[in-house]
Amino acid sequence: ARLFSIARFRSYTMTLAFTSTVFFAFLGGAPHIMVDVLKRTPMEYGMWFFMVSSGYMFGNFMSGRFTQRFGIDRMMLYGCGITLIGGLLCLGSAISGFLSPATLFVPMAFAALGNGLSIPNGTAGAISVDPRLTGSAAGWSGFAQMACGAAASQLVGSLQNEFPFAVFWFMAGGSILALTTHVLAMRRP
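Keep in mind that this is a model prediction, so the values were computed, not measured.

## Points about the packing of helix H1 (residues 7-37) against helix H2 (residues 42-70)
Part 1 of the reasoning: Put simply, H1 and H2 touch, their axes get as near as 10 Å, and they point 145° apart. When you trace H1 past H2, the crossing you get is right-handed. Residues Phe23, Phe26, Leu27, Ala30, Pro31, Met34 and Val35 of H1 pack against Pro42, Glu44, Tyr45, Trp48, Phe49 and Val52 of H2.
Part 2 of the reasoning: Class assignment of the residues belonging to the contact of H1 with H2 gives a composition of 12 nonpolar, no polar and one charged.

## A look at the nonpolar core
Part 1 of the reasoning: Within the largest apolar cluster, 25 residues are counted, with the highest numbers of intra-cluster contacts made by Phe26, Phe105, Phe168 and Met171.
Part 2 of the reasoning: Elements supplying a minimum of two residues to this core: H1, H2, helix H3 (72-96), helix H4 (101-127), helix H5 (134-159) and helix H6 (166-187).
Part 3 of the reasoning: Counting residues per element, this core draws most heavily on H1, at six residues.
Part 4 of the reasoning: With near-sequence residues (within four places) excluded, Phe105 lies in contact with Phe26, Met34, Tyr45, Trp48, Phe49, Met51 and Val52.
Part 5 of the reasoning: Judged by nonpolar contacts, the second largest core, of nine residues, contains Leu3, Phe9, Leu16 and Met76.

## Here we look at the pattern of salt bridges
Close approach of charged atoms lets side chains of opposite charge pair.
Part 1 of the reasoning: Under the criterion given, the structure shown has four salt bridges.
Part 2 of the reasoning: Among the ionic pairs, Glu44 bridges to Arg40, the shortest N-O distance being 3.2 Å.
Part 3 of the reasoning: Given a relative accessible area of 25%, Glu44 falls into the partly exposed group.
Part 4 of the reasoning: By relative accessible area, which is 32% here, Arg40 ends up partly exposed.
Part 5 of the reasoning: Here Arg132 and Asp130 are joined by a salt bridge, their closest N and O atoms 3.1 Å apart.
Part 6 of the reasoning: You can call Arg132 exposed: its relative accessible area is 65%.
Part 7 of the reasoning: For Asp130, a relative accessible area of 7% corresponds to the buried category.
Part 8 of the reasoning: Through salt bridges with shared partners, one network takes in Arg2, Asp130 and Arg132.

## Comments concerning the side chain of Gln145
Part 1 of the reasoning: Structurally, the position occupied by Gln145 is in helix H5.
Part 2 of the reasoning: Apart from the residues lying within four places of it in its own chain, the contact partners of Gln145 are Leu16, Ala17, Ser20, Ile119 and Thr123.

What counts as what
- Residues numbered from 1 in each chain as written.
- Predicted model: local features only at pLDDT ≥ 70, side-chain atom pairs only at ≥ 80, totals over all residues.
- Heavy atoms only, no water.
- Axes fitted to C-alpha atoms, helices over the stretch in contact; angles between N-to-C directions.
- Helix = DSSP H or I, 4+ residues; strand = E, 2+ residues; numbered from the N terminus.
- Left-handed = near helix turned anticlockwise from the far one by under 90°.
- Contact = heavy atoms within 4.5 Å.
- Nonpolar A, V, L, I, M, F, W, Y, C, P; charged D, E, K, R; others polar.
- Core = buried A, V, L, I, M, F, W, Y, C linked by side-chain atoms within 4.5 Å.
- Buried < 20%, exposed > 50% of the residue type's maximum accessible area, 1.4 Å probe, protein only.
- Salt bridge = Lys/Arg side-chain N within 4 Å of Asp/Glu carboxyl O.

The analysis is restricted to geometry; functional conclusions fall outside its scope.
Printed below as a string of structure tokens:
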């Protein structure tokens, strides 16, 4: 109860949950988009996915290099902003009819880069709010990431036959919520 009474912990955890939603929604829906909608092979999906993992890895590298200079909150802000751009570009390509492997995976690589900036910093922020509750903070923030990610993945998987572009709406929604949550938290004293 003491941990959840700390506003900073709640905001870090919610931001982490929403940024994870973007990635897990993609994992739940991208195979269907590639194989069933775009009629590509699973092998092509795997090869294109390399861009996503590279984006996340580069974001983690940037976090390690620049967090001390810019601070946790600013790095999270940059990460959430980049994730939002990636999510909206994916949604825009689907709505406009320009859906292709490139318009699916290149924007998602940006979203993954943003996650690579925001997730490590959000985790560091969440576990540092009270040194006496570090273990509990790590557990609860990790649980929130996995629970929201699993729910998004399940919902996208359940909806994709009737609503193939559900993945893009979930990605855009998760990235909007992540950025909004973080910006509102930064405005609090």
